[in-house]
Amino acid sequence: MGNPINMSQTVSDFVVERLASWGIKRIFGYPGDGINGVMGALNRAKGKIDFIQTRHEEMAAFMACAHAKFTGEVGVCMATSGPGAIHLLNGLYDAKMDHQPVVAIVGQQARMSMGGDYQQEVDLLSLFKDVAHEYVHMCTEPSQARHLIDRAIRIARTNRTVTCVILPNDIQELDFSEPPHMHGTVHTGMSYTKPEIMPSLADLQLAADILNTGKKVAMLIGAGAAGAEDEIIEVAEMLGAGVAKALLGKAVLADDLPFVTGSIGLLGTKPSYDLMMDCDTLLMVGTSFPYSEFLPKEGAAKAVQIDIDGRMLGLRYPTDVNLQGDSRRTLKALIPLLVRKEDRTWREKIESEITRWWKVLEARAMKSANPINPQRFFWELSPLLPDNCILTSDSGSTANWFARDLRVRKGMKASLSGNLATMTPGVPYAIAAKFAFPDRIPIAMVGDGAMQMMGMNELITISKYYRRWSDPRMLIIVLNNQDLNQVTWEQRVMSGDPKYEASQDLPGLNYAAYAQLLGLEGIRIEKEDEIGPALQTALNARRPVVLDLLSDPNVPPLPPHITLKQAKDFSSSILKGDVNAWDMIKQTYKEVVENFLPHHS
Ligand SMILES: Cc1ncc(C[n+]2csc(CCOP(=O)(O)OP(=O)(O)O)c2C)c(N)n1
Ligand SMILES: [Mg+2]
């Protein structure tokens, strides 16, 4: 393995060539003199690797993360020394916390200036020591470059994590040489193959015994269950189970399956909550859903967990059997050991609750609001979602509607910042999805706070690149509520505080007009009856479209099961004089009534 020795090849040329040989097709990044050597090499290697220029390094890291999420490949981002490297961090943490393989390549000052309080000199090894703790190294000698790149990629893949290679700018310009055949050198190669990880048959039998004994089985699946849809359906059928989905597993199973209870947690559904509270047996597959209050009470259920990463087993619930293995293969091996449950009472109860719940959601969506009930928009969007679309959501109230109201179908993809739950990945995730799948339609759902934070800037990136995409369609939906709404509601419901206008109010903006200014299509939706036509226009446009939805901040993103404390805190926020008290009471009352006065069909 390796390259023929070529004296004119710089370290940068080598790095680019090696990345290309590893199958890297695209790098998201931003230049600066700390990384100019590599930029020069990318320029010389045109056609091998595409450099995508973002507006901000954090966006490049989000794009690398989304590339990994949507393709299963390694995502690569690049930044200059000092400020550029610092800007990457939030996006890299997003990748690390959602277990995505991302390699960051960053510049550094020249070796001879380091330790000299030099301009833009930041201790990058220390800075990245947490986010890239599995592998962060600085190249201080040209022949190191080969093993640094090989290991950064291989470790990112095997550990499903973030790694980082720091390249001082003088090293970038030096001639590359392969490590000589002598003591003290390292000789790496490029292959990586994903192993088939399987638990032992004895442990599978222990798991099957638990699942066969249970009378009321609940399943919870997450992003790690992707690729195991057929097996999950078969297991759920045999066990007469209901299946709840953690946020990152939203697109793993279609919502039109009658036993899928939808999302779980604060952004989840009532059938998911009830499923967990009433079950006697739990099977978790590829998930580290964090909120234990939405899982069965400790001891209330016997539990089995499947995860490819042994570190994530027995973490959220004291599971009785932990199976370390690939979801699909493990479930496939488990199926022959399962006995079909002939008593379908539990299953029928779950299915009827799900049917009822969708009616509750429809009724909530149809409640009038001022000016537009956001749930109405998501309700109308669901059946119009194009086949194979790729959904991205930002953090904020949008994530509630994305999680709860959207009905995903087979073949779609969906993601958001799950464990970091940071604002602003909505737009960059959609951009990365479009580069990876130019013939599919990404749909980003983003709050106005997240748009103002950085989403608007990435619209400039979209306007720069959209002509390259075979199908230029892409939707950016802005929930324009002039409020940091999710947090406003958290202040009310969790802390019993009224809305603090100084921290919560957002300046109003016309996002549709801004999109038009950039040469994109912009549509403002001011009334509910404009939703359908606007979506039709957007889905048939020849350009990316920003849908500027004037959304009512007083529609409560209610947790599926309101606790007494939350209800008390909410009333106390009203007593303390919330500025929107009256509108909120009206709207919350409408929602609660829908939930507790069921529609019996
Ligand atoms: C980087 C970052 N800063 C702050 C937060 C806390 N936070 C979570 S949601 C949210 C409000 C988002 O507002 P907006 O984007 O307007 O969406 P809305 O909730 O109004 O729909 C805030 C401030 C966060 N998650 N990430
Ligand atoms: Mg908002």
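Scroll up for the structure.
Each value, and the rule that gives it
- Residues numbered from 1 in each chain as written.
- Chains lettered and ligands numbered in written order.
- Predicted model: local features only at pLDDT ≥ 70, side-chain atom pairs only at ≥ 80, totals over all residues.
- Heavy atoms only, no water.
- Near = heavy atom within 4 Å.
- Polar contact = N/O pair within 3.5 Å; in protein donor to acceptor, adjacent residues only side chain to side chain.
- Areas by Shrake-Rupley, 256 points an atom, 1.4 Å probe, with all protein chains shown as cover.
- Helix = DSSP H or I, 4+ residues; strand = E, 2+ residues; numbered from the N terminus.
- Nonpolar A, V, L, I, M, F, W, Y, C, P; charged D, E, K, R; others polar.
- Buried < 20%, exposed > 50% of the residue type's maximum accessible area, 1.4 Å probe, protein only.
- Pairing = 2+ DSSP bridges.
- Axes fitted to C-alpha atoms, helices over the stretch in contact; angles between N-to-C directions.
- Parallel < 35°, antiparallel > 145°, perpendicular 65-115°, else oblique.
- Left-handed = near helix turned anticlockwise from the far one by under 90°.
- Contact = heavy atoms within 4.5 Å.

How should the site of ligand 1 be read in this particular structure?
Taken together, 17 residues surround ligand 1, and among them S397, D448, G449, D483 and Q486 come closest. One of the backbone nitrogen or oxygen atoms of A421 is found 2.9 Å away from a nitrogen atom of ligand 1. Between ligand 1 and G449, the relevant distance is 2.7 Å, taken from an oxygen atom to a main-chain nitrogen or oxygen of the residue. In the complex, 77% of the free accessible area of ligand 1, which totals 590 Å², lies under the protein chains. Mapped onto the shell around ligand 1, the elements with two or more residues apiece are helix 14 (397-405), helix 16 (448-465) and helix 17 (485-493). Classifying every residue of the shell around ligand 1 by side-chain character gives six nonpolar, nine polar and two charged.

Would you mind showing me how to read the pairing of strand 10 (residues 281-285) here?
Where a strand is regular, its side chains alternate between the two sheet faces. Most of strand 10 sits out of view: five of its five residues are buried. Residues of strand 10 alternate between two faces, with T281, L283 and V285 on one and L282 and M284 on the opposite face, all of them buried. Of the strand pairs in this sheet, strand 7 (residues 217-221) and strand 10 are connected by five bridges, and their pairing is parallel. The partner of L220 across the bridge, within strand 10, is M284. Note that strand 10 and strand 11 (residues 302-307) share five bridges and pair parallel. Bridging from a neighbouring strand, M284 pairs with Q305 of strand 11.

What am I meant to see in the packing of helix 3 (residues 57-71) against helix 4 (residues 83-97) here?
Working note: a packed helix pair is described by the angle between its axes plus the distance between those axes. Contact geometry for helix 3 and helix 4: axes closest at 7 Å, N-to-C directions at 30 degrees. Between helix 3 and helix 4, the interaxial angle falls into the category roughly parallel. Along this stretch, helix 3 crosses helix 4, giving a crossing that reads as right-handed. Of the residues in helix 4, those touching helix 3 at E57, E58, A61, F62 and C65 are G84, H87, L88, N90, G91, L92, D94 and A95. A class-by-class count of the residues in the contact of helix 3 with helix 4 yields six nonpolar, four polar and three charged.

Even after reading the chapter, I still don't get unusual backbone geometry, so can you show me in this structure?
Where the residue is not glycine, phi is negative for most of them; where a peptide bond is considered, it is trans in most cases. Cis geometry is found at the peptide bond from N370 to P371, where omega equals -5 degrees. Take P371: it is sitting in the loop between helix 12 (345-366) and helix 13 (374-384). We note that Q120 has phi near 60 degrees; this positive angle belongs to a residue other than glycine. Structurally, Q120 is set in the loop between strand 4 (102-108) and helix 5 (124-127). A residue is classified by how much of its surface remains accessible, and Q120, at 30% relative accessible area, is partly exposed. One non-glycine residue, N388, lies in positive phi territory at about 65 degrees. Along the polypeptide, N388 turns up in the loop between helix 13 and strand 13 (390-393).

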